[in-house]
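# Coordinate analysis (summary)
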Amino acid sequence: MLRGSSAVAIDNERNKHPSDVIAAASAARARRSGRVGLATASRSTSDPHPAEMATHELHPNDTLTTLKMESENLKAKLEEERAKLHDVELHQVAEKIEALGQFVMKTRRTLKGHGNKVLCMDWCKDKRRIVSSSQDGKVIVWDAFTTNKEHAVTMPCTWVMACAYAPSGCAVACGGLDNKCSVYPLSLDKNENLAAKKKSVAMHTNYLSACSFTNSDMQILTSSGDGTCALWDVESGQLLQSFHGHGADVLCLDLAPSETGNTFVSGGCDKKANVWDMRSGQCIQSFETHESDINSVRYYPSGDAFASGSDDATCRLYDLRADREVAIYSKESIIFGASSVDFSLSGRLLFGGYNDYTINVWDVLKGNRVSILFGHENRVSTLRVSPDGTAFCSGSWDHTLRIWA
Amino acid sequence: MARDMSDKEILKMELDQLQKEVKTERMPVSVTAKELSDWVEGQVGEDPLVKGIPEDKNPYKEKGGCIIS
C-alpha cells in the first residue's frame, strides 16, 4: 500500500517505530464511486474546455503523464519540506505526562425510536437535546436526560446522512439523498407540523454528506458527494462561497473552534483532508496520508490540530502549525474502518466509532488505546461528545443511539 | 464539481494547490507538539470524561434505587 507521507505508526503492542518513509509517488487519481451504491457516473474522456479553466492555461503538450509527473515531484518536495521539521514524535514529548487511569464508561441511556440505521447526530448547546437522522428518512429531536422524543420530522428522501442543531437550539438542519440541506424551525407547539415550515437552503448536484451551522443560525456549511463544500445564507438560500479542491466525494467537515478564526476542515473519498479559509474559498493546507476514504474529521479543542477517522482502520492527528501528521491511532487487531471521531473536552481523549460495532478510546498524546466500549449491535456511524464534555453519544446501524458517561 | 471534471482538470487543480502548499510556513514538531500537550495538560483537570464525575453530579447516572445493607 502506498503511503502519502512520512508517517510514524505508534503500535503499543510491539513498541515499533519504523523509520520515516519518503513519500512514494502516488497516483493522483481520485476515486469516484458513490457512497450508497448509486450508479457511478461514467468518466468523461473528452478534453477539458479552455473556458472552464479560468485560472490556468492548458497547453496541448500537457498530457496526463506530464501533469502526473509534475504532481508527483511537487508532492515529494512537499514531503521533504515537512520532514525537515519532523524532529520529534508527539508521544516522545508526552512521555513525562502521567498515564491515564482505568476508564469505566458505560451506556447510560439508549435512545430507541428510529426504524432504520442511524446515520448522523448532533448535540444542542443546551447539553441535553440531541437531533438524529436515519436511513428511513426520519429526523428526531430527543431529550437525552429523559430519553423522550420531543420532535419528529419525516423527510421526503431516505438516507438522511447529515443533521445539525442550530446554535440557538431553535432549529435543525438535515439532508441526504435529496441533494439538499433543509432547515426546520423547532416549534414549542408539539402539534404543529414541522414539515410545513421547512426551508430549503442548500442545493448540491449530489448527496449531502454533512452540514453544520456556523457561529449563528444564519449560515450553514455543507459538504457533498459532488466533491464540493459550500457556505449558504439560511434566510435567502444564497450561495456565499464554494470550496473546490477535493477530487471525489466529500464525506465530512468540521468548523474550527470560534476563537481560532474562519477555517474549516473537510475529508473525502480522495483520501485527503483539506483545511479551508471560509472567506476566500481557498484551500490553505492539505493532507494525504490516509490510505482510504476519510469518514470523519474533528478539530482539536485548541484549534491547532485536527483528527480524522478513515476506512483504512486508523485515526490520525494532524498538527496544523507543523503542517503534518503527528500521530496514528491504530492496532493490528483493528481492521474495520473508523466512521466517526471526537475529542473529549481537554483533547486528551479521542473517541472513535468503528464499523466493527465498537468504540475505541485513545490517549491522544501517548498514542495508545485506553478503552474499548461494546454495546452497539451494528456499525457505529456517528459519535459526538456533549458540549460540556460530561458524556458522548453514539449512533449506529442497529437503529439506536447510546449515551455514554 | 469533481464528478464533472476530467482527470486532467482534477490533476491541474491538484498541481495548483501543491504549488501553493510548498510555500506554507511550518514550525518544527518539537515546538508544536510541546504546546499541544501543554494545552491539554492545562485543561485535563476540568475534563469530565477523563477525571470522572461524582455520582450525585452526573445527570446521566441512574437516580433512586435501594441499597440493602
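Note: the structure precedes this text.
All of the points below concern the structure found in this document. The shown structure was predicted, so the numbers you read here are calculated from the model rather than taken from an experiment.

What follows concerns the nonpolar core. Counting residues in hydrophobic clusters, the biggest one holds 27 residues, and the most contacted among them are Leu90, Tyr300, Leu317, Tyr329 and Leu350 of chain A. Elements supplying a minimum of two residues to this core: α2 (90-93), β19 (305-310), β20 (315-319), β21 (324-329), β22 (338-343) and β23 (349-354) of chain A together with α2 (29-43) of chain B. The biggest single contributor to this core is α2 of chain B, with 4 residues.

Residue and element names in this part refer to chain A. What the rule picks out here adds up to 22 salt bridges over all chains. Residues Arg384 and Asp122 are paired through a salt bridge, measuring 3.7 Å at the closest nitrogen-oxygen approach. In this pair, Arg384 is assigned in strand β26 (residues 380-385) and Asp122 in strand β2 (residues 118-123), connecting sequence segments 262 residues apart. On the basis of relative accessible area, Asp122 is assigned to the buried category, the value being 12%.

Each partner contributes to the interface: chain B provides 50 residues, whereas chain A provides 91 residues. Counting the contacts that link chain B with chain A gives 5 salt bridges. Where Glu35 of chain B meets Arg321 of chain A, a salt bridge forms, and the shortest distance between an N and an O atom there is 2.6 Å. Mapped by element, the contributors of at least two residues to the side of chain B that touches chain A are α1 (7-21), α2 and α3 (48-51) of chain B. At 15 residues, the largest contribution of residues to the side of chain B that touches chain A is made by α1 of chain B. Among the residues forming the side of chain B that touches chain A, the class breakdown is 23 nonpolar, 9 polar and 18 charged.

So, how was this worked out
Residues numbered from 1 in each chain as written. Chains lettered and ligands numbered in written order. Predicted model: local features only at pLDDT ≥ 70, side-chain atom pairs only at ≥ 80, totals over all residues. Heavy atoms only, no water. Core = buried A, V, L, I, M, F, W, Y, C linked by side-chain atoms within 4.5 Å. Buried < 20%, exposed > 50% of the residue type's maximum accessible area, 1.4 Å probe, protein only. Helix = DSSP H or I, 4+ residues; strand = E, 2+ residues; numbered from the N terminus. Salt bridge = Lys/Arg side-chain N within 4 Å of Asp/Glu carboxyl O. Contact = heavy atoms within 4.5 Å. Nonpolar A, V, L, I, M, F, W, Y, C, P; charged D, E, K, R; others polar.

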